[in-house]
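Notes for the structure review
The primary structure of each chain is shown beneath.
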Amino acid sequence: AHNTSRQVLRTVYLPNERADALVLMVESLSSQLEEHKMLAKVHLKTIAEEFKEREENYKRRIAEDQIMIETLSNRCDDVERKWRNAVQSE
């Protein structure tokens, strides 16, 4: 009677050179990951600053356009008033 449900725990020992190479690889990858995180953070900050600048430009442009619309509306009203006065006085 052979018990096949029994689990065997095995420990694998790597040669020192292989373990050292893996440690160096993990350290290198961790360093690259940190660098990519930093670059992503800088990139996001730059994008946020550009977005804020564009938003401010759009708001300024809207305000300028509103002033221009008001100015042109006033001119139109003046021309219409002068035209009505001229037509009435004929």
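The coordinates are above.
These notes cover the structure that comes with them.

Scoring rules and cut-offs
- The residue numbering used here restarts from 1 in each chain and proceeds along that chain's sequence as written.
- pLDDT decides what is reported in this predicted model: residues at 70 or higher carry local features, side-chain atom pairs at 80 or more are listed and counted, and totals for whole chains, interfaces and linings draw on all residues regardless.
- Side-chain measures were taken over the full set of non-hydrogen atoms in the model, leaving aside hydrogen atoms and water.
- Helix and strand definitions follow DSSP, with helices as H or I runs of at least four residues and strands as E runs of at least two, each counted in order from the N terminus.
- A radius of gyration in this sense is built from C-alpha atoms; the matching globule rule multiplies 2.2 Å by the number of residues raised to 0.38.
- Throughout this description, buried means an accessible area under 20% of the type-specific maximum (1.4 Å probe, protein chains only), exposed means over 50%, and partly exposed covers the range between.
- In this charge count, Lys and Arg are treated as positive and Asp and Glu as negative; neither His nor the chain ends contribute.
- Note on charges: their place is set at NZ of Lys, CZ of Arg, CG of Asp or CD of Glu.
- By salt bridge we mean one thing: a side-chain nitrogen of Lys or Arg within 4 Å of a carboxyl oxygen of Asp or Glu.
- Patch rule: a residue counts if its relative accessible area is over 30% and it has no salt bridge; like charges are joined within 9 Å, and nonpolar side chains (Val, Leu, Ile, Met, Phe, Trp, Tyr) within 5 Å.
- Areas reported as accessible are Shrake-Rupley estimates using a 1.4 Å probe. Residue values count occlusion only from the protein chains shown.

Some words on the overall build of the protein chain
- When its secondary structure is counted, the protein chain shows one helix and zero strands.
- For the protein chain, the C-alpha radius of gyration of 38 Å lies well beyond 12 Å, the compact-globule estimate for 90 residues.
- Counting every position in the protein chain, which comprises 90 residues, the buried fraction comes to 0%.
- The positive charge centre, built from 15 side chains, and the negative charge centre, built from 17, are 5 Å apart in the protein chain.

Brief notes about the pattern of salt bridges
- Scanning the entire structure with this criterion turns up five salt bridges.
- For Glu-64, the salt bridge is made with Arg-60, and the minimal N-O distance between the two is 3.9 Å. Here Glu-64 pairs with Arg-60, and both are found in helix 1 (residues 16-88), just four residues apart, close to one helical turn.
- Since its relative accessible area comes to 43%, Glu-64 is described here as partly exposed.
- A salt bridge links Arg-81 to Asp-78; the nearest nitrogen and oxygen atoms lie 2.5 Å apart.

Let's talk about a negative patch on the surface
- A cluster of acidic residues, Glu-49, Glu-50, Glu-53, Glu-55 and Glu-56, forms a negative patch at the surface.
- Mapped onto the fold, Glu-49 is located in helix 1.

Remarks on a nonpolar patch on the surface
- A cluster of nonpolar residues, Leu-22, Met-25 and Leu-29, forms a patch on the protein surface that exposes about 270 Å² of accessible area.
- Judged by its relative accessible area of 31%, Leu-22 falls in the partly exposed class.

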